[in-house]
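# Descriptive analysis of the structure
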Amino acid sequence: MKKILFLATGVAMFASSAALAADAVEYIPEAPAAVEMPAAFSWSGPYLGVHGGYGWGTGESAGFDESFDGGRFGGFVGYNWQMSNGFVAGIEGDVNYDWNEETVAFGTGTAEVDTGFSGSVRGRLGYAMDRTLIYAAGGWTATEVNADAGAAGSFDDTLHGWTLGAGVEHAFTDNMFGRLEYRYNDYGNGNLGPADVDFDQHVVQVGLGVKF
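Residues numbered from 1 in each chain as written. Predicted model: local features only at pLDDT ≥ 70, side-chain atom pairs only at ≥ 80, totals over all residues. Heavy atoms only, no water.

By the naming in an unreviewed UniProt entry, the protein chain is Membrane protein, taken from Pseudorhizobium pelagicum. Within the UniProt record for the protein chain, the comment given under Subcellular location (unreviewed entry) is "Cell outer membrane". (UniProt positions renumbered as here; feature names shortened; annotations may be inferred.)

Right, dumping it as structure tokens:
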């Protein structure tokens, strides 16, 4: 009887061990899920935005040498190409409006003079450090100059010149970025009726853009 009991116990233990071994063979741990790395940010592509700031202008003629300072607001549109080494090349155009009217000596009287609308087309070259882009830009610029001399008449002209500046942009998301920029505009000279005028300007502005 004892032999039968020992034999039955041994058979039960063997069967239990075999079942556990079979379960161990059948259980294959799942491979960990692959972690997708986020795609590297690129500045390539079209973009547009708005900017605003302040301009410090100087207008000179035979009758006056005056500061034309004031706020400005405008919009910009452009396209960037980012290279594999981190350098970024691009082209950008903008249109702006300056609030900088001043009363100046004009002929035998006075006139209200301002520069109003301006615009530029600039080439850009920069270096991207992931979502931050440092750049320099330069190209053609123009502005309208207006003079209202009352009874003596109203005069206007478009001045053409060059612009040069630098700035920094940072992408807050994959599509939205902000910028801080300095620009020097030399608009050259033009004619306002009896007066020839030269105008140049320093500008500091901030902007908000959308990249597509």
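Evaluation of the coordinates by the stated rule reveals 14 aromatic pairs. Centroid distance Phe41 to Trp43: 5.3 Å. Interplanar angle 90 degrees. Geometry classified as edge-to-face. The pair formed by Phe41 and Trp43 is uniform in burial state, with each residue classed as buried. Consider the rings of Phe68 and Phe199, whose centres lie 5.9 Å apart with planes at 70 degrees: the pair is edge-to-face. Placement of Phe68 in strand E2 (residues 65-82) and of Phe199 in strand E10 (residues 195-211) is noted, with a sequence separation of 131 residues between them. Residue Phe68 is classed as buried on the basis of its relative accessible area of 2%. (Phe/Tyr/Trp six-rings, centres within 6.5 Å; stacked < 30°, edge-to-face > 60°. Buried < 20%, exposed > 50% of the residue type's maximum accessible area, 1.4 Å probe, protein only. Helix = DSSP H or I, 4+ residues; strand = E, 2+ residues; numbered from the N terminus.)

As a further point, take the confidence of the model for the protein chain. Per-residue confidence for the protein chain gives a mean pLDDT of 88, with 83% of residues at or over 70. Low confidence marks residues 2-9, where pLDDT is under 50. Its contacts with residues over four positions away, or in another chain, come to 0 contacts. (pLDDT = per-residue confidence, 0-100. Contact = heavy atoms within 4.5 Å.)

Proteins that are soluble and globular tend to have nonpolar side chains buried together. One finds Phe68, Phe106, Val113 and Leu192 to be the most contacted residues of the largest nonpolar core, which totals 15 residues. The set of elements that each furnish at least two residues to this core consists of strand E4 (102-106), strand E5 (109-114), strand E7 (132-148), strand E9 (176-192) and E10. Of all the elements, E10 adds the most residues to this core, at 3 residues. When residues no more than four places from it in sequence are discounted, the contact partners of Leu192 are Phe106, Val145, Ala147, Phe155, Asp156, Asp157 and Val197. (Core = buried A, V, L, I, M, F, W, Y, C linked by side-chain atoms within 4.5 Å.)

What follows is about the pattern of salt bridges. Between side chains of opposite charge, pairing is possible as soon as their charged atoms come close. Enumeration over the complete set of coordinates arrives at 10 salt bridges. The residue Asp94 makes a salt bridge to Arg183 at a minimum N-O spacing of 3.1 Å. Of this pair, Asp94 sits in strand E3 (residues 87-98) while Arg183 sits in strand E9, placing them 89 residues apart in sequence. A relative accessible area of 2% means that Arg183 is categorised as buried. (Salt bridge = Lys/Arg side-chain N within 4 Å of Asp/Glu carboxyl O.)

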